[in-house]
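The chain contents come next:
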Amino acid sequence: MRILVPSSSANLGPGFDCFGIAWQSRNEIFFDRSDSLSIEGCAVEYANSVNLAWLGYSKAMELAGRKCEGVHIRFGKTEIPICRGLGSSAALSAAGAAAADALFGLGLGRQGILDAATAVEGHPDNVAPAIYGGLTASMMDGERAITVNFPLHEKLHFTALIPDFQLSTAMARSVLPKSVERADAIFNVSRGALLLNALGSGDLELLGLAMDDKLHQPYRWGLIRGSEEARSIARDCGAAALCISGAGPTILCVSEDESFTPRVREALQGVLPGWEVRELRIDREGVKVEE
Ligand code: HSE
């Protein structure tokens, strides 16, 4: 069985652990029934029971009340970079849960796949777009994740500035304060609500104002070497709004103009030559299962 699962950007500024968008850069993973666990096609340190595709798979089996001893996993084409803030871990958890559901006819559907993958990830913001596609907002109701899709205007153009180094989510979460000021909470809640409207209507001016955050980005920019230069270049090249993609280190830029991507690629090359500039196209389907 072949699973195609999209990359994603979580948070989108104010929607910490809540908002996400799925992108067409995908991972291809094959799953076959087996009595023991075997994994091929990935780095040797992930070819064991810590692999998130396996964790998503076994969690889905557990939620369905089924015994699970193994599975054969083979990684095919891999387009999602690891630990760059583009949802690589969520994609694996979602793919594993979707594979278990399909291989055994568990009847979990997207909601059950979401619950299994969220249990592995700890938060639903990346797994939701990886499963449903498009722009999603999610919340937890106890153990259950609730996700809603929102419209995303066609004219918005997205570009990822991907650094040449990794940043683990655990590291990027460890720098965040345990509690927040009320004023900062209001700052994010109000921007989060208006951001959804701006993404749906394509209002770039509102987007530029609403894609701001006080809960995580102020603590994380310092972990991203070169981010100050990259942000300044992106603004000079015409980015209407930008934010950290997920936990970083990738920077997500929004523009109206498709020519932004080659422009920022050229400008960044001279200053941060190792960074990849990638045009992002919206994935509207989510995880796909092929028998
Ligand atoms: N919302 C998460 C974070 C995304 O920013 O830490 C990465 O898993």
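Just so it is clear, the structure is predicted and the values come from calculations on it, not from any experiment.

*Asks:* Please provide a residue-by-residue account of the site of the ligand, values included.
*Replies:* Every residue close to the ligand is listed here: N11, F16, D17, H123, D125, N126, T169, R173, R220, G246 and A247. At 2.5 Å, a side-chain N or O of D125 approaches a nitrogen atom of the ligand. Note that an oxygen atom of the ligand is positioned 2.6 Å from one of the side-chain N or O atoms of R173. Taking a 2 Å distance to the grid points as the criterion, the majority of the atoms of the ligand fall inside the largest pocket. Split by residue class, the shell around the ligand holds two nonpolar, five polar and four charged.

*Asks:* Tell me what's going on with the nonpolar core, and back it up with residues and numbers.
*Replies:* Grouped together as the largest cluster of nonpolar side chains are 64 residues, with contacts concentrated most on F31 and F158. Residue contributions to this core reach at least three from each of two domains, namely domain 1 (2-151 + 283-290) and domain 2 (157-280). Apart from the residues lying within four places of it in its own chain, the contact partners of F158 are I21, W23, L152, L199, L252, C253, V254, R278, E279, L280 and I282. Counting residues in each nonpolar core, the second largest holds 22 residues, with L161, A230, I251 and L268 among its members.

*Asks:* Could you give an account of the pairing of strand β5 (residues 135-141), naming the residues involved and the relevant values?
*Replies:* As paired elements, strand β2 (residues 19-33) and β5 share three bridges and run antiparallel to each other. Residue pairing across strands places I21 opposite L135, the latter belonging to β5. Of the pairings in the sheet, the one linking β5 to strand β6 (residues 144-150) comprises seven bridges and is antiparallel in character. Along β6, the bridge assignment pairs L135 with F150. In this structure, the hairpin formed by β5 and β6 is closed by a connection of two residues, where G142 is found at a positive phi of approximately 65°.

Thresholds, definitions, all that
- Residues numbered from 1 in each chain as written.
- Predicted model: local features only at pLDDT ≥ 70, side-chain atom pairs only at ≥ 80, totals over all residues.
- Heavy atoms only, no water.
- Near = heavy atom within 4 Å.
- Polar contact = N/O pair within 3.5 Å; in protein donor to acceptor, adjacent residues only side chain to side chain.
- 1 Å grid on protein atoms, 1.4 Å probe; cavity = no way out; pocket = protein on both sides within 12 Å on 5 of 7 lines; lining within 4 Å.
- Sits in = over half its atoms within 2 Å of the grid points.
- Nonpolar A, V, L, I, M, F, W, Y, C, P; charged D, E, K, R; others polar.
- Core = buried A, V, L, I, M, F, W, Y, C linked by side-chain atoms within 4.5 Å.
- Buried < 20%, exposed > 50% of the residue type's maximum accessible area, 1.4 Å probe, protein only.
- Domains from an automatic or database assignment.
- Contact = heavy atoms within 4.5 Å.
- Pairing = 2+ DSSP bridges.
- Helix = DSSP H or I, 4+ residues; strand = E, 2+ residues; numbered from the N terminus.

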